[in-house]
Amino acid sequence: MTTAKPQLSLYNTLARTKAPFVPMDENNVRLYACGPTVYDFAHIGNGRAAIVFDLLFRLLRHTYGAEHVTYVRNITDVDDKINARALRDHPDLPLNEAIRKVTETTAAQYQKDVAALGCLEPTIQPRATENIAEMQAMIQRLLDKGNAYQAGGEVLFAVDSMPDYGQLSGRNLEDNLAGARVAVDTHKRNPADFVLWKLSSEDEPGWDSPWGRGRPGWHIECSAMSERYLGQTFDIHGGGLDLIFPHHENEIAQSRCAHGSHAMANVWMHNGFLQVEGQKMSKSLGNFFTIHDLLETNAFGGRKWPGEVLRLAMLMTHYREPIDFSQRRLEEALRINEKLRRWALAADELGFEPDYDRLSTNSDFEAALMDDLNTPDAIQSLHQQMSDLSDRELQSRPEHNRRLAEFRQSLRLLGIKVEADTVSPLVREQLAARLAALNAKNFAEADRIRNELSEQGIALMDYKDETGQRQTKWEVKR
């Protein structure tokens, strides 16, 4: 008898509730997530968003089939921060050349960083600069419909032209007016109005338009790119909590008014904030870390951290909850990853192919992910699977091989890559520490490390090499 697959449920920020996810078209499930503004290397908070929506992408592919899911993650490569960085880092180059150097270098590093975090390539990664015509067309529609106007060298969206503006963030027009600085933008009809197009000076990047040579505002970029690649209304839009207002709120306003539609996306998902060692991440506090810092330097905790450990550390907390990113959390993730590695190796040694197979994932694990990406429960399922795999009585049963295969595929669905054919950094450290203890005749410490590794499923065999030096072999216990 075949067990029915669990229903995917997701929390919708717009509806403020969790509900079963019903795609508009099961043969064309569409997801959009806001990507990087490529003026600097991505920090670890950016990495959390990339991991969360990569996991959703994997789960949608698992549920509906890889060929039926389209995931768009944009690259913002036109922005005033980029201009400032280009002038700072490459003052001797023409501005356009300096901008290109900054964006190409930073975008390439972002791709490398998120790949190290176990993220699949999205289906489409559009660049803002490749979609200027689409932005201009949307701006013109908003002008034609009376939702936008020209003033002070800019094209602005008129927020009071949308009666239900503010539904996503829960901020009404009066709230926005109370927090606005009226004196700064006296050309605006309403202090809450926001820029769709702004004029560029001769030393700023710009494109010809009906309103003069200029460049787009930030919000219009995602509205135009999502429409081009996913349609006027699509299934899921994601990003960090910090994007709810004003970015996502303004995306909704632009898109709905331009299209005359009831929704831009049916489900809005947002991942929680990230702190470092209990404090807000800030360069002034010295606790600002890029993904590159964590992967390639000893800047945090005095060591480099493997990408799969960083990913696991993020997934140990539910995506909607805040994370305290700490050395203690990473060390815990490193220990868990060691256990996962050993049983993945056991599965490989028994002849299980690591190719993705959506039919052989552990049912409890899958049910946890289908419940609004409940990764803490999914990781708890992995612990239970490892406990069952370690049980000698269960090992003798015919279904043991199937459980091994399910475990391997559970890891793949979570996006945790385990290198089964090499000694991991943590095992290497433990082996070296034990060998040092043996050579120092500290046999109590050597036994302690042996027992610790044994509890984690690894057996040690001591021997002497041809020079008489102590050495140790290891293997996974099955």
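One can find the structure itself at the top, above this paragraph.
Figured I'd write up the structure that's included with this text. Treat the numbers as computed from the prediction; the structure is a model and nothing was measured.

### So, the overall build of the protein chain
So, point 1. Looking only at helices and strands, the protein chain has 16 helices and 15 strands in total.
So, point 2. Buried residues in the protein chain amount to 52% of all 478 residues.
So, point 3. Long-range contacts, defined as pairs at least 24 residues apart, comprise 72% of the intrachain contacts of the protein chain with a sequence gap of at least 6.

### Examining the sheet that holds strand 6 (residues 154-157)
So, point 1. Strand order across the open sheet formed by four strands is 5-6-7-8, with antiparallel pairing between neighbours. The open sheet is flanked by strand 5 (148-151) and strand 8 (214-216), the only strands paired with a single partner. Put simply, the sheet's adjacent strands are angled 25° from each other on average, direction ignored.
So, point 2. The pairing of strand 5 with strand 6 spans four bridges and is antiparallel. Within strand 6, the residue paired with Ala148 across the bridge is Phe157.
So, point 3. Where helix 4 (residues 132-144) meets the sheet, its contacts fall on strand 5, strand 6, strand 7 (194-199) and strand 8, and the angle it forms with strand 7 comes to roughly 120°.

### Observations regarding the packing of helix 12 (residues 375-390) against helix 14 (residues 400-414)
So, point 1. Helix 14 packs onto helix 12 with a crossing angle of 155° between their chain directions and a minimal axis gap of 10 Å. Relative to helix 14, the element helix 12 is oriented roughly antiparallel. The two elements helix 12 and helix 14 meet at a crossing, and its hand is left-handed. Across from Thr375, Ile379, Leu382, Gln385, Met386, Asp388 and Leu389 in helix 12, the residues of helix 14 making contact are His400, Arg403, Leu404, Glu406, Phe407, Ser410, Leu411 and Leu414.
So, point 2. Across the contact of helix 12 with helix 14, the residue classes tally to eight nonpolar, four polar and three charged.

### Digging into empty space enclosed by the protein
So, point 1. Evaluated as defined, the whole model comprises one cavity of 30 Å³ or more.
So, point 2. For the largest cavity, the calculated volume is near 60 Å³.
So, point 3. Arg48, Val52, Leu55, Met314, Leu315, Thr317, His318, Tyr319, Leu373 and Thr375 are the residues that line the largest cavity.
So, point 4. Sorting the residues of the lining of the largest cavity by element identifies helix 1 (44-64) and helix 9 (307-315) as the ones contributing at least two each.
So, point 5. Among the elements that take part in the lining of the largest cavity, helix 1 stands out by supplying three residues, more than any other.
So, point 6. Taken together, the residues of the lining of the largest cavity sort by class into six nonpolar, three polar and one charged.

### Brief notes about the side chain of Ser200
So, point 1. Checked against the element boundaries, Ser200 lands in the loop between strand 7 and strand 8.
So, point 2. Given a relative accessible area of 13%, Ser200 falls into the buried group.
So, point 3. Looking at Ser200, its side chain comes within polar contact range of the main-chain oxygen of Pro205, at 2.7 Å.

### Let's talk about the sheet that holds strand 12 (residues 279-280)
So, point 1. Strand order in this open sheet of three strands is 12-11-13, and the pairing throughout is mixed. Every interior strand has two partners, whereas the edge strands, strand 12 and strand 13 (323-325), have only one.
So, point 2. As paired elements, strand 11 (residues 274-276) and strand 13 share three bridges and run parallel to each other. Note that in strand 13 the partner of Val276 across the bridge is Phe325.

### A look at the packing of aromatic side chains
So, point 1. One pass over the full model with this rule turns up seven aromatic pairs.
So, point 2. Each ring, one from Phe57 and one from Tyr71, has its centre 4.9 Å from the other, and the planes form 50°; the classification is tilted. Separated by 14 residues along the polypeptide, Phe57 in helix 1 and Tyr71 in strand 4 (residues 69-73) bring together distant segments of the chain.
So, point 3. Tyr71 sits in the buried class, given a relative accessible area of 1%.

### Some words on the state of the cysteines
So, point 1. Tallied over the full model, the rule gives zero disulfides.
So, point 2. Cys222 takes part in no disulfide bond, and the closest cysteine sulfur, belonging to Cys34, lies 3.9 Å away.

### Thoughts on helix 6 (residues 218-230)
So, point 1. Between the first and last C-alpha of helix 6 there are 19 Å, a value that for 13 residues agrees with the 18 Å anticipated at 1.5 Å per step.
So, point 2. Regarding helix 6, the residues found buried are His219, Ile220, Glu221, Cys222, Ser223, Ala224, Met225, Ser226 and Leu230.
So, point 3. Once helix 6 finishes, Gly231 follows within two positions and takes phi at roughly 105°, a positive value.

### Side note on the packing of helix 1 against helix 14
So, point 1. Packing of helix 1 against helix 14 leaves a shortest axis separation of 8 Å and a crossing angle of 125°. Viewed along their axes, helix 1 and helix 14 adopt a mutual orientation that is oblique. Of the residues in helix 14, those in contact with Leu55, Arg58, Leu59 and His62 of helix 1 are Arg412, Leu413 and Leu414.
So, point 2. The residue inventory of the contact of helix 1 with helix 14, partitioned by class, reads four nonpolar, one polar and two charged.

### Considerations on the pairing of strand 3 (residues 29-33)
So, point 1. Of all five residues in strand 3, five are buried, a share of seventy percent or more.
So, point 2. A two-sided burial pattern is seen for strand 3, the buried positions comprising Val29, Leu31 and Ala33 on one face and Arg30 and Tyr32 on the other.
So, point 3. Looking at chain direction, strand 3 and strand 4 are connected through five bridges and run parallel. Across the sheet, residue Leu31 finds its bridge partner in strand 4, namely Tyr71.
So, point 4. Pairing of strand 3 with strand 9 (residues 234-240), which is carried by three bridges, proceeds in the parallel orientation. Counted as the bridge partner of Ala33 is Gly238 from strand 9.

### Digging into the pairing of strand 10 (residues 265-271)
So, point 1. A large share of strand 10 lies buried, amounting to six of its seven residues.
So, point 2. Where strand 9 and strand 10 come together, six bridges link them in parallel fashion. Within the sheet, the bridge partner assigned to Gly240 lies in strand 10 and is Asn271.
So, point 3. After leaving strand 9, the chain enters helix 7 (residues 244-259) and then returns to the sheet as strand 10, a path that is right-handed.

Each value, and the rule that gives it
Residues numbered from 1 in each chain as written. Predicted model: local features only at pLDDT ≥ 70, side-chain atom pairs only at ≥ 80, totals over all residues. Heavy atoms only, no water. Helix = DSSP H or I, 4+ residues; strand = E, 2+ residues; numbered from the N terminus. Buried < 20%, exposed > 50% of the residue type's maximum accessible area, 1.4 Å probe, protein only. Contact = heavy atoms within 4.5 Å. Pairing = 2+ DSSP bridges. Axes fitted to C-alpha atoms, helices over the stretch in contact; angles between N-to-C directions. Parallel < 35°, antiparallel > 145°, perpendicular 65-115°, else oblique. Left-handed = near helix turned anticlockwise from the far one by under 90°. Nonpolar A, V, L, I, M, F, W, Y, C, P; charged D, E, K, R; others polar. 1 Å grid on protein atoms, 1.4 Å probe; cavity = no way out; pocket = protein on both sides within 12 Å on 5 of 7 lines; lining within 4 Å. Points joined across faces, edges and corners; volume = space filled by probe spheres on them. Polar contact = N/O pair within 3.5 Å; in protein donor to acceptor, adjacent residues only side chain to side chain. Phe/Tyr/Trp six-rings, centres within 6.5 Å; stacked < 30°, edge-to-face > 60°. Disulfide = S-S within 2.5 Å. Expected span 1.5 Å × (residues − 1). Right-handed = clockwise from strand over helix to strand, strands pointing away.

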